[in-house]
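Take a look at the letters that make up each chain.
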Amino acid sequence: MTNLCKALAFVLLTLTLQAKSQSKKPNILFCIADDASWIHMSAYGKTDWVSTPAFDQVAKSGVLFTNAYTPNSKCSPSRACILTGRNPWQLEEAGNHNAFFPAKFTTFIESLGSNGYQVGFTGKGWSPGDPGKINGKNRQLTGPSYDSKTLKAPTTQISATDYAGNFEDFLAKKPADKPFCFWYGGNEPHRDYEYGTGVKVGNKRTSEIDQVPPHWMDNEVVRNDMLDYAFEVEYFDKQLGKILEVLKAKGELENTIIVVTSDNGMPFPRTKGYVYEHANHLPLAIMWKNGIKSTGRKVSDYVSFIDFAPTFLEAAGVEQDRSNMQPVTGKSLLPLLKSTKSGRIDPSRNYVLLGKERTDVGRPDDVGYPIRAIVKDNFIYAINFEPERWPAGNPETGYMDTDGSPTKTELLTANRKGQYTDLWQLNFGKKGKDELFDIAADPYSLKNLTADNRFASKKDNLKTELLTKLKQQNDPRMFGKGDVFDKYPYNAENVRNYYNRYIYKNETIKAGWIDKTDYEPKPQNK
């Protein structure tokens with residue numbers, strides 16, 4: 001009888017511990033690169049000259065999403081969508097880049113912090129912009145900052161932030177019984193790069209690149225620029241690996257939802273800040289040992305960055321009425337994570353919406369380049385609401401919607417010599433009122449099909465669906481109020497109203513993300 005009692009007691013204890021483990025709220029580790037394209041995470045098998053073993057391990061031990069998109073391909077509006085679960089046209093000022101974050105929009109991290117979670121971040125949180133204040137102190141949209149630890153970076157342009165060390169500090173200060181939500185915001189592979197370090201430090205070779213995107217020039221300068229970018233992608237991944245080791249050492253790996261992604265595509269012409277396939281289509285792998293039972297799956301449902309917030313709130317058991325958040329537009333990813341299926345799972349996830357307003361200054365009166373788009377069935381259809389404006393920013397002020405880079409300089413220099421003018425047009429020239437691309441046949445979104453009668457019904461159907469959904473989401477641009485986005489002030493006062501000050505007042509203004517050689521010496525008429 002004694003042995004039987006002991007056995008029963010052991011079984012009861014085991015069941016109790018299991019029940020307690022299952023009822024424990026999961027931790028959340030959100031890992032986001034700064035300007036990394038999806039095709040450059042090696043788990044997708046698209047690129048041989050970039051290796052990302054930590055991302056690949058998350059994908060292997062969890063789920064790899066093959067159709068994840070940000071609604072806006074610029075840093076702060078993309079991150080605002082993540083934090084609020086709403087599309088940029090639903091976020092007032094926060095739908096613009098470098099904005100003032102409205103007080104009415106509580107972030108999921110602020111919400112979790114008010115509902116029993118220990119929260120914090122290291123590196124880059126929501127930025128750039130002004131988060132606003134609460135009781136005279138800056139809001140902590142991604143929680144308190146943990147950035148005191150530094151290390152020796154391998155290049156002069158890579159951040160010295162010790163991401164893993166700061167995460168370790170965060171965990172050390174966390175009460176043992178509290179779940180956590182931590183944001184690892186890598187500063188890589190955001191520009192600038194130390195030119196040539198992909199070869200010199202990363203031991204890469206320009207000959208490894210199997211294809212230079214066809215809208216750029218293929219030469220050693222561009223290939224070196226791509227390898228410098230690749231080296232920084234790998235650095236982000238290396239720090240991710242260190243963070244995962246910290247998590248494992250602390251015994252928290254099994255009960256943590258680990259999300260790895262990027263805020264927008266690579267910081268090159270016709271990518272970051274645009275509305276094209278490689279601008280908005282981003283990497284996404286999610287691992288959760290306690291929650292994902294069928295691992296190593298590839299899911300091809302269309303998912304959006306606005307789906308993260310409702311996912312985390314549902315996993316944490318925080319209902320909408322306790323979240324203090326504005327109603328979210330996204331849908332929780334938990335059904336996809338807990339499924340055993342691969343490929344398409346949820347038939348309703350057959351599209352995503354994209355768009356932009358002002359993603360940078362450099363046009364008269366600081367106006368933006370408004371676009372709305374829909375991706376569905378391997379097609380992307382976009383409406384350019386102000387096609388008379390310069391999509392990359394005015395030439396006289398350096399095409400400020402495109403980060404300065406050796407690749408940008410090569411394209412502009414060649415065009416001034418009358419060379420590669422077709423590539424200049426693709427990267428910087430004006431566009432029509434709408435665009436349609438077959439992503440499967442044209443992944444770089446180069447051939448606009450709107451004038452092709454064979455695709456007339458496809459275009460009409462996508463346009464109707466896009467406009468219908470935007471009206472349902474109360475997009476101001478659907479009701480003749482789109483100019484509100486142009487009237488919101490740009491946060492960085494030193495470059496606010498840049499065009500008017502530079503052109504009409506001859507002011508010398510430094511914009512740190514473009515090069516002086518980007519400015520056109522004479523007007524462009526293309």
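For the structure given in this document, a descriptive report is provided here.

### A short note on the packing of aromatic side chains
- This structure, assessed with the given rule, holds 31 aromatic pairs.
- When the centroid spacing of 6.2 Å and the interplanar angle of 70 degrees are considered together, the rings of Trp390 and Trp424 count as edge-to-face. Of this pair, Trp390 sits in the loop between β17 (379-384) and α12 (406-416) while Trp424 sits in helix α13 (residues 421-428), and the two are 34 residues apart along the sequence.
- One aromatic cluster is present, built from ring pairs that chain together Phe30, Phe108, Trp183, Phe305, Phe308 and Phe312.
- Here the guanidinium or amino end of Arg191 rests over the ring plane of Phe268, the centre of that ring lying 4.4 Å away.

### Some details on the pairing of strand β5 (residues 118-123)
- Of all six residues in β5, six are buried, a share of seventy percent or more.
- As paired strands, β5 and strand β9 (residues 180-185) are joined by six bridges and run parallel to one another. Along β9, the bridge assignment pairs Phe121 with Trp183.

### Some thoughts on the sheet that holds strand β11 (residues 281-282)
- What the three strands build is an open sheet, ordered β11-β3-β14; its pairing is mixed. Edge positions in the sheet fall to β11 and β14 (303-304), since each has one partner strand and no second.
- Alignment of strand β3 (residues 68-69) against β14, held across two bridges, turns out to be parallel. The partner of Ala68 across the bridge, within β14, is Val303.

### Some thoughts on unusual backbone geometry
- Here Ser127 and Pro128 are connected by a cis peptide whose omega angle stands at -5 degrees.
- Mapped onto the fold, Pro128 is located in the loop between β5 and β6 (129-130).
- Phi angles above zero are rare outside glycine, and Asp35 is one such case at about 85 degrees.
- Within the fold, Asp35 resides in the loop between β1 (27-33) and α2 (53-60).
- Under the relative-accessibility criterion, Asp35 is labelled buried at 0%.

### Points about the environment of Val375
- Relative to the helices and strands, Val375 is located in strand β16 (residues 371-376).
- Considered as a pair, Val375 and Asn427 are 52 residues apart in the sequence and their alpha carbons are 21 Å apart.
- For Val375, the contacting residues outside a window of four places in its chain are Tyr69, Tyr302, Asn350, Tyr351, Val352, Leu354, Ile380 and Ile439.

### Digging into the nonpolar core
- Membership of the largest hydrophobic core comes to 77 residues, with the highest contact counts inside it found for Leu29, Phe167 and Ile258.
- At 14 residues, the largest contribution of residues to this core is made by helix α7 (residues 220-249).
- For Leu29, the residues in contact, after removing those within four places along its chain, are Phe167, Phe182, Ile243, Leu244, Leu247, Thr256, Ile257, Ile258 and Val259.
- Among the nonpolar cores identified, the runner-up in size contains 48 residues, and Tyr117, Ala316, Met325 and Leu337 belong to it.

### Brief notes about the pattern of salt bridges
- All told, the structure shown has 31 salt bridges when counted by the stated rule.
- Shared partners join several salt bridges into a network, and the residues in it are Lys74, Lys356, Asp360, Arg363 and Asp401.

### A closer look at the side chain of Thr407
- Along the chain, Thr407 turns up in helix α12.
- Only 2.7 Å separates the side chain of Thr407 from the side chain of Asp225, close enough to count as a polar contact.
- Leave out the neighbours within four places in its chain, and Thr407 touches Trp216, Val222, Asp225, Phe268 and Pro269.

### Things to note about the pairing of strand β18 (residues 434-438)
- For β18, a buried count of five out of five residues is recorded, marking the element as mostly surrounded by other parts of the structure.
- Relative to β18, β17 is paired through five bridges, and the arrangement is antiparallel. Note on β18: the bridge partner recorded for Ala382 is Glu435.

What counts and what doesn't
Residues numbered from 1 in each chain as written. Predicted model: local features only at pLDDT ≥ 70, side-chain atom pairs only at ≥ 80, totals over all residues. Heavy atoms only, no water. Phe/Tyr/Trp six-rings, centres within 6.5 Å; stacked < 30°, edge-to-face > 60°. Helix = DSSP H or I, 4+ residues; strand = E, 2+ residues; numbered from the N terminus. Lys NZ or Arg CZ within 6 Å of the ring centre and 35° of its normal. Buried < 20%, exposed > 50% of the residue type's maximum accessible area, 1.4 Å probe, protein only. Pairing = 2+ DSSP bridges. Contact = heavy atoms within 4.5 Å. Core = buried A, V, L, I, M, F, W, Y, C linked by side-chain atoms within 4.5 Å. Salt bridge = Lys/Arg side-chain N within 4 Å of Asp/Glu carboxyl O. Polar contact = N/O pair within 3.5 Å; in protein donor to acceptor, adjacent residues only side chain to side chain.

The quantities given are spatial measurements derived from coordinates; they are silent on function.
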